[in-house]
Amino acid sequence: MKLFIAKSAGFCFGVKRAMDIALEAAKKFPKNLYTLGPLIHNPQAVEYLGELGVKVRERIEQIPEGTVIFRSHGVSLKDLKRAREKGLRIIDATCPIVKRAHFFAKFLHRHGYALLIVGDGHHPEVEAIRSYLNKRVEVVEDVRTIERLGHWEKLGIIAQTTQSFNLFKEIVAASLEKSKEMRVFNTICHATTIRQKEAVEIAKKVECMIVIGGYNSGNTQRLAAICKEIQPHTYHIETARELNLRWLVRVEKIGLTAGASTPSWIISEVEEEVRHKKAKVNKNL
Ligand code: SF4
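Keep in mind that this is a model prediction, so the values were computed, not measured. (Residues numbered from 1 in each chain as written. Predicted model: local features only at pLDDT ≥ 70, side-chain atom pairs only at ≥ 80, totals over all residues. Heavy atoms only, no water.)

Draft legend 1. View of the state of the cysteines. With the rule as written, the count across this model stands at 0 disulfides. With no disulfide of its own, C208 has C227 as its nearest cysteine by sulfur position, at a separation of 11 Å. (Disulfide = S-S within 2.5 Å.)

If you want it as structure tokens, here you go:
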């Protein structure tokens, strides 16, 4: 068996930074320490933080006192104001690359451009960006939506940091015909592009592709979808326990990658399980 493991699999810079910040905070402020929403989209990592006393609350109102950590996706203006009003200690773990997207969104807004965000309108990162702008913001997930929108005098485009670059290009191209003046800032995170490219390369040469990450992780879902387009035998799992023996029958080349919020210990467990199960399959053939 040949196992191809993506070098880019697992924690990205922003998620690692957020985890390090939370671990440090758990040492410094062990009492009344909260994250606003799960720190990262990985239930196992969130459970581990819980064991260290980091509690998850979905709303600022549910935090009576103490310290709140803002996760790597960033935080809405409303939540920031509420946390300040309540006198909570704020630890901001927003990824600097997400902050860069905020910067360009505000810049375009200030200069009179209508803003188009290529992304998922329900994702916390996009919701946070929108909250700082009071009007003229459209969020689009596909090219068809562009056709339904009107024309613009001045249009600015940015992307959710984990968007697919190809989709971003398609939407920019489709918008060209609908605006007199256009400014585009590529705010897609480089780590995401590299991860997706590497996953595609691996998916092309294997007979079975395993993508590891939280089911609630948008970037892992996207990674699995991209791989599935190339290799139909692509499986998205959260932990080693979900690895199915049948997937490994009569396959000799197996690929493995993971989303940006997947801890390295989970990737290692899956790798070990693939080797173990594959040896078992070979023995029974
Ligand atoms: S994927 Fe990129 S933008 Fe998002 S947290 Fe990781 S490093 Fe930051």
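Draft legend 2. Unusual backbone geometry, seen in detail. Non-glycine residue N32 carries a positive phi angle of around 50°. Checked against the element boundaries, N32 lands in the loop between helix 1 (13-28) and strand 2 (33-36). For R250, which is not glycine, the phi dihedral falls at a positive 55°. For R250, the location among the structural elements is in the loop between strand 11 (234-237) and strand 12 (253-258). Of the residues examined, R250 reaches a relative accessible area of 67% and is grouped as exposed. (Helix = DSSP H or I, 4+ residues; strand = E, 2+ residues; numbered from the N terminus. Buried < 20%, exposed > 50% of the residue type's maximum accessible area, 1.4 Å probe, protein only.)

Draft legend 3. Seen up close, the side chain of T35. With respect to the secondary-structure elements, T35 resides in strand 2. Setting aside anything within four residues of it in sequence, one finds T35 in contact with V54, K55, V56, R57 and I69. (Contact = heavy atoms within 4.5 Å.)

Draft legend 4. Helix 8 (residues 190-205), seen in detail. The end-to-end C-alpha distance of helix 8 is 23 Å, a good match for the 22 Å that 16 residues give at a rise of 1.5 Å each. Buried residues belonging to helix 8 abut strand 1 (2-5), helix 7 (165-176), strand 10 (208-212), helix 9 (218-230) and strand 12. (Expected span 1.5 Å × (residues − 1).)

Draft legend 5. Highlighting the sheet that holds strand 8 (residues 152-159). Reading across from one edge, 7-6-8-9 is the order of the 4 strands in this open sheet, with parallel pairing throughout. Of all the strands in the sheet, the pair left with one neighbour each is strand 7 (137-140) and strand 9 (179-184). The average undirected angle you get between the axes of adjacent strands in this sheet is 25°. One ladder, built from 4 bridges, connects strand 6 (residues 114-118) with strand 7; its direction is parallel. Across the sheet, the residue bridging to I117 is V139, located in strand 7. (Pairing = 2+ DSSP bridges. Axes fitted to C-alpha atoms, helices over the stretch in contact; angles between N-to-C directions.)

Draft legend 6. Spotlight on the environment of S261. Along the polypeptide, S261 turns up in the loop between strand 12 and helix 10 (264-284). For S261, a relative accessible area of 4% gives the class buried. For the pair S261 and T220, spaced 41 residues apart in sequence, the C-alpha separation works out to 8.3 Å. There is a polar contact of 3.4 Å between the side chain of S261 and the backbone oxygen of H41. (Polar contact = N/O pair within 3.5 Å; in protein donor to acceptor, adjacent residues only side chain to side chain.)

Draft legend 7. Just the pattern of salt bridges, in detail. Across all of its chains, the model carries 11 salt bridges by this definition. Of the charged contacts, one joins E61 and R59 as a salt bridge, the two residues approaching to 3.9 Å between their closest N and O atoms. Using a relative accessible area of 40% as the deciding quantity, one classes E61 as partly exposed. (Salt bridge = Lys/Arg side-chain N within 4 Å of Asp/Glu carboxyl O.)

Draft legend 8. Spatial organisation of the packing of aromatic side chains. In total, this model carries 6 aromatic pairs according to the counting rule given. On the numbers, 5.9 Å between centres and 65° between planes, the contact of Y48 with W265 is edge-to-face. Within this pair, whereas Y48 is found in helix 2 (residues 43-51), its partner W265 is found in helix 10, the two being separated by 217 residues in sequence. In this structure Y48 comes out as partly exposed when scored by relative accessible area, which is 35%. Between F103 and F107 the ring centres are 6.5 Å apart and the planes differ by 25°, which places this aromatic pair in the stacked class. Here the residue F103 and the residue F107 both occupy positions in helix 4 (residues 96-110), the gap between them amounting to 4 residues, near one helical turn. Among the residues examined, F103 registers a relative accessible area of 49% and is labelled partly exposed. A residue is classified by how much of its surface remains accessible, and F107, at 18% relative accessible area, is buried. Grouped by ring-pair contacts, the aromatic residues F103, F104, F107 and F185 constitute a single cluster. Across the ring face of Y34, the terminal group of K55 is positioned such that the distance to the ring centre comes to 5.4 Å. Lying across the ring of Y113, K154 places its NZ or CZ 4.5 Å from the centre. (Phe/Tyr/Trp six-rings, centres within 6.5 Å; stacked < 30°, edge-to-face > 60°. Lys NZ or Arg CZ within 6 Å of the ring centre and 35° of its normal.)

Draft legend 9. Quick look at the pairing of strand 11. Of the two faces of strand 11, both are covered, the one formed by T234 and H236 as well as the one formed by Y235 and I237. Judged from the 4 bridges that link them, strand 10 and strand 11 form a sheet pairing that is parallel. What sits directly across from I212, in strand 11, is I237. For the segment spanning strand 10, helix 9 and strand 11, crossover handedness is right-handed. (Right-handed = clockwise from strand over helix to strand, strands pointing away.)

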